[in-house]
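Structure assessment
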Amino acid sequence: DQQVKQNSPSLSVQEGRISILNCDYTNSMFDYFLWYKKYPAEGPTFLISISSIKDKNEDGRFTVFLNKSAKHLSLHIVPSQPGDSAVYFCAASEAFISGTYKYIFGTGTRLKVLA
Amino acid sequence: GAGVSQSPSNKVTEKGKDVELRCDPISGHTALYWYRQRLGQGLEFLIYFQGNSAPDKSGLPSDRFSAERTGESVSTLTIQRTQQEDSAVYLCASSLGSSYNEQFFGPGTRLTVL
């Protein structure tokens with residue numbers, strides 16, 4: 001059973017426009033969420049995180065929104081750049097509640113930013 | 001560089017053989033994780049080491065899989081009697097400690113079982 005779901009396997013966006021990547025989860029105990037970016041033949045790199053006490057976290061062009069009631073988070077990239085083309089994974093854990101730092105990852109969304 | 005390193009980068013083996021994958025975490029990182037990514041799937045948690053505590057092995061898919069870590073340094077993931085379904089990219093990550101710190105990933109080992 002997939003506890004973290006990224007239902008869009010791919011997304012294409014024009015350079016300069018907004019990219020919105022979505023992630024849904026089923027476990028209401030998840031309290032910490034991260035986004036990772038992965039280029040081919042490299043390991044994932046950390047992008048941005050959010051804890052369940054917040055509903056928004058911003059870092060430059062990247063903003064993550066958390067809707068706890070809907071068990072949904074999204075990553076907004078604006079403006080999108082060709083270098084943002086990568087696979088994006090969301091991950092969730094019960095870090096605060098249970099002290100476990102085991103992250104459950106989604107299946108990823110491949111973003112392609114068109115020049 | 002000071003990042004997480006993994007070796008080998010690629011491994012092709014025959015079904016039934018044992019393989020050993022190595023991970024060198026970032027110096028000073030007390031937590032170490034192994035994940036696996038099969039084709040078209042997300043990262044699947046395998047095992048987590050934190051300092052001298054007993055490892056969390058809850059993600060290991062079968063008793064053919066085992067992992068060890070020497071202190072707070074190198075870790076090896078061993079797969080015995082490999083099966084074709086073991087083919088995947090095996091990723092190692094490390095983090096500063098038992099908190100919600102970000103994990104730093106290595107480049108992975110691509111395992112192909114023929």
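Attention in this report is confined to the structure presented alongside it. The residue count restarts for each chain, going from 1 along the sequence in the order it is written. All chains are assigned letters beginning at A, and all ligands numbers beginning at 1, according to the order in which they are written. Confidence filtering applies because this is a predicted model: local features only for residues at pLDDT of at least 70, side-chain atom pairs given and counted only at 80 or more, and all residues used for totals across whole chains, interfaces and linings. Hydrogens and waters are ignored; side-chain quantities use all the structure's heavy atoms.

1. A look at the nonpolar core
The condition that has to hold: Residues enter a nonpolar core if they are buried and are Ala, Val, Leu, Ile, Met, Phe, Trp, Tyr or Cys, with the set joined through side-chain atoms within 4.5 Å. Note on exposure labels: buried denotes an accessible area under 20% of the residue type's maximum, exposed denotes more than 50%, and partly exposed covers the range between, all computed with a 1.4 Å probe on protein chains only. Each helix corresponds to a stretch of at least 4 residues labelled H or I by DSSP, and each strand to a stretch of at least 2 residues labelled E; elements are numbered beginning at the N terminus.
Residues Phe33(A), Trp35(A), Leu73(A), Leu75(A) and Tyr88(A) are the most contacted members of the largest nonpolar core, which totals 23 residues. For this core, the secondary structure elements donating two or more residues are β3 (19-25), β4 (32-38), β5 (45-51), β7 (62-67), β8 (72-77), β9 (86-93) and β11 (109-114) of chain A. Among the nonpolar cores identified, the runner-up in size contains 20 residues, and Leu21(B), Cys23(B), Ile26(B) and Val113(B) belong to it.

2. Digging into the sheet that holds strand β1 (residues 5-7) of chain B
All names here are of chain B. Where we set the bar: Note on pairing: two strands pair once DSSP finds at least 2 bridges between them. Fitted lines through C-alpha atoms give the axes, limited to the stretch in contact for helices. The angle between two N-to-C directions lies from 0 to 180 degrees.
The strand order across the open sheet formed by four strands is β1-β3-β7-β6, and the pairing between neighbours is antiparallel. Sheet topology places β1 and β6 (65-69) at the edges, where each strand pairs with a single neighbour. With strand direction ignored, the average angle separating the axes of adjacent strands in the sheet is 15°. Note: strand β3 (residues 19-24) against strand β7 (residues 75-79), five bridges, orientation antiparallel. Paired with Arg22 across the two strands is Thr76, which belongs to β7.

3. Considerations on the layout of surface pockets
To keep it simple, the criterion reads: Grid points spaced at 1 Å over the protein atoms alone were grouped into cavities, where a 1.4 Å probe fits but cannot get out, and pockets, open sets with protein on both sides within 12 Å along at least five of seven lines, with lining residues defined by an atom within 4 Å of a point. Grid points are joined across faces, edges and corners, and a volume is the space filled by probe spheres set on the points. Think of it as three bins: nonpolar holds Ala, Val, Leu, Ile, Met, Phe, Trp, Tyr, Cys and Pro, charged holds Asp, Glu, Lys and Arg, and polar takes everything else, Gly as well.
Of the volumes computed, that of the largest pocket is approximately 740 Å³. Considering the residues around the largest pocket, the lining is formed by 32 residues, among which Lys38(A), Gln37(B), Leu39(B), Val89(B) and Arg110(B) are closest to the centre. When contributions to the lining of the largest pocket are tallied by element, the ones reaching two or more residues are β9 and β11 of chain A together with β8 (88-95) and β10 (109-113) of chain B. Looking at the lining of the largest pocket, the element that brings in the most residues is β10(B), giving four residues. Taken together, the residues of the lining of the largest pocket sort by class into 13 nonpolar, 14 polar and five charged. A volume near 350 Å³ is recorded for the second largest pocket. Lining the second largest pocket are 15 residues, with Gln2(A), Ile104(A), Leu43(B), Glu44(B) and Phe45(B) positioned closest to its centre. Elements supplying a minimum of two residues to the lining of the second largest pocket: β10 (104-105) of chain A together with β5 (43-50) of chain B. For the lining of the second largest pocket, a count of residues per class yields five nonpolar, seven polar and three charged.

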